[in-house]
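Structural description and commentary
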Amino acid sequence: MAKTQEEYLEIYEQLLGFVPPKIRHRVSLGLEVAPDALDSVEVMREKLMYPDCLDVKTAQMILFACLLTNLAPAAKIHAIAAKRAGATREELHAVAGLAFLFRGLSAFNNGAQIINEVFSGDESIG
């Protein structure tokens with residue numbers, strides 16, 4: 001039985017407290033034109049993002065680091081998820097420091113901005 005849009009988006013609501021617009025668009029379009037592909041993507045995403053050997057906080061901090069290293073805007077989404085899963089400013093700052101080792105000051109600066117925004121209550125996604 002096919003999932004509804006609400007069922008697909010529920011995991012993002014639980015993780016982030018909201019659904020980022022790009023995800024909402026991907027799910028909506030996928031349900032319209034390729035529901036089997038959408039389901040395959042979501043099953044794979046869930047299996048890889050929530051491995052049994054890592055808790056949610058750790059997985060989200062790793063994703064934050066990966067995305068910071070690529071200077072990807074989605075880093076903020078994973079900082080929000082990490083915070084909601086219990087990550088502290090200090091832990092996320094340490095993660096940004098790790099990204100600095102492989103991407104440089106731009107990653108560290110971006111990480112600091114994201115951390116300050118998230119912990120000041122600015123969870124807007126630009």
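Whatever comes next refers back to the structure up there.
What you see is a predicted model; the values in this text were computed from it and never measured.

Helix and strand counts for the protein stand at 7 helices and 0 strands. Relative to the 2.2 N^0.38 estimate, which gives 14 Å for 126 residues, the radius of gyration of the protein is 15 Å and therefore close to what a compact globule would have. With respect to the three principal axes, the spread of C-alpha positions in the protein is 45 × 30 × 25 Å. Burial statistics for the protein: of 126 residues in total, 35% are counted as buried. The long-range share in the protein, meaning contacts at least 24 apart out of those at least 6 apart in sequence, stands at 64%. Total accessible area on the protein stands at roughly 7500 Å², and carbon and sulfur atoms take up 60% of it. Each charge sign in the protein was given a centre, from 12 positive and 16 negative side chains, and these centres are 6 Å apart.

Backbone phi values are negative for most residues with the exception of glycine, while trans is the configuration of most peptide bonds. For L71, which is not glycine, the phi torsion reads 55 degrees and is therefore positive. On the secondary structure map, L71 appears in the loop between α4 (56-69) and α5 (75-84). Among the residues examined, L71 registers a relative accessible area of 33% and is labelled partly exposed.

With that settled, the discussion passes to the pattern of salt bridges. Opposite charge on two side chains makes pairing possible when the charged atoms of those side chains draw close. This structure, assessed with the given rule, holds 5 salt bridges. The residue E42 makes a salt bridge to R26 at a minimum N-O spacing of 2.6 Å. Taken together, the positions of E42 in helix α3 (residues 35-49) and R26 in helix α2 (residues 21-33) put the pair 16 residues apart, joining distant regions of the chain. A relative accessible area of 31% places R26 in the partly exposed class. Here R45 and E42 are joined by a salt bridge, their closest N and O atoms 3.1 Å apart. Linking R45 with E42, this pair stays in helix α3, spanning 3 residues, or about one helical turn. In this structure E42 comes out as buried when scored by relative accessible area, which is 5%. Taken together, the salt bridges that share partners define one network made up of R26, E42 and R45.

Side chains of L98, F100, L101, F102 and L105 sit close together on the surface and give an oily, nonpolar patch of about 580 Å² of accessible area. Considering every element that reaches the nonpolar patch, the biggest residue donor is helix α6 (residues 89-103), with 4 residues. Here L105 shows up in helix α7 (residues 105-119).

In this section: α4. The end-to-end C-alpha separation of α4 is 20 Å, in line with the 20 Å expected for 14 residues at 1.5 Å each. Within α4, the full set of buried residues consists of A59, Q60, M61, F64, A65, L67 and L68. Elements that come into contact with the buried residues of α4 comprise α1 (5-16), α3, α5, α6 and α7. A side-chain oxygen of the first residue of α4 lies 3.1 Å from the backbone nitrogen of K57; this N-cap is D55.

Time to look at a negative patch on the surface. Taken together, the side chains of E6, E7, E10 and E13 present a region of like negative charge at the surface. As for its position among the elements, E6 is in helix α1. A residue is classified by how much of its surface remains accessible, and E6, at 59% relative accessible area, is exposed.

Parameters and conventions
Residues numbered from 1 in each chain as written. Predicted model: local features only at pLDDT ≥ 70, side-chain atom pairs only at ≥ 80, totals over all residues. Heavy atoms only, no water. Helix = DSSP H or I, 4+ residues; strand = E, 2+ residues; numbered from the N terminus. Rg over C-alpha atoms; globule rule 2.2 N^0.38 Å. Buried < 20%, exposed > 50% of the residue type's maximum accessible area, 1.4 Å probe, protein only. Contact = heavy atoms within 4.5 Å. Areas by Shrake-Rupley, 256 points an atom, 1.4 Å probe, with all protein chains shown as cover. Lys, Arg positive; Asp, Glu negative; His and termini not counted. Charge placed at Lys NZ, Arg CZ, Asp CG, Glu CD. Salt bridge = Lys/Arg side-chain N within 4 Å of Asp/Glu carboxyl O. Patch = residues over 30% accessible without salt bridge, like charges linked within 9 Å, V, L, I, M, F, W, Y side chains within 5 Å. Expected span 1.5 Å × (residues − 1). Polar contact = N/O pair within 3.5 Å; in protein donor to acceptor, adjacent residues only side chain to side chain.

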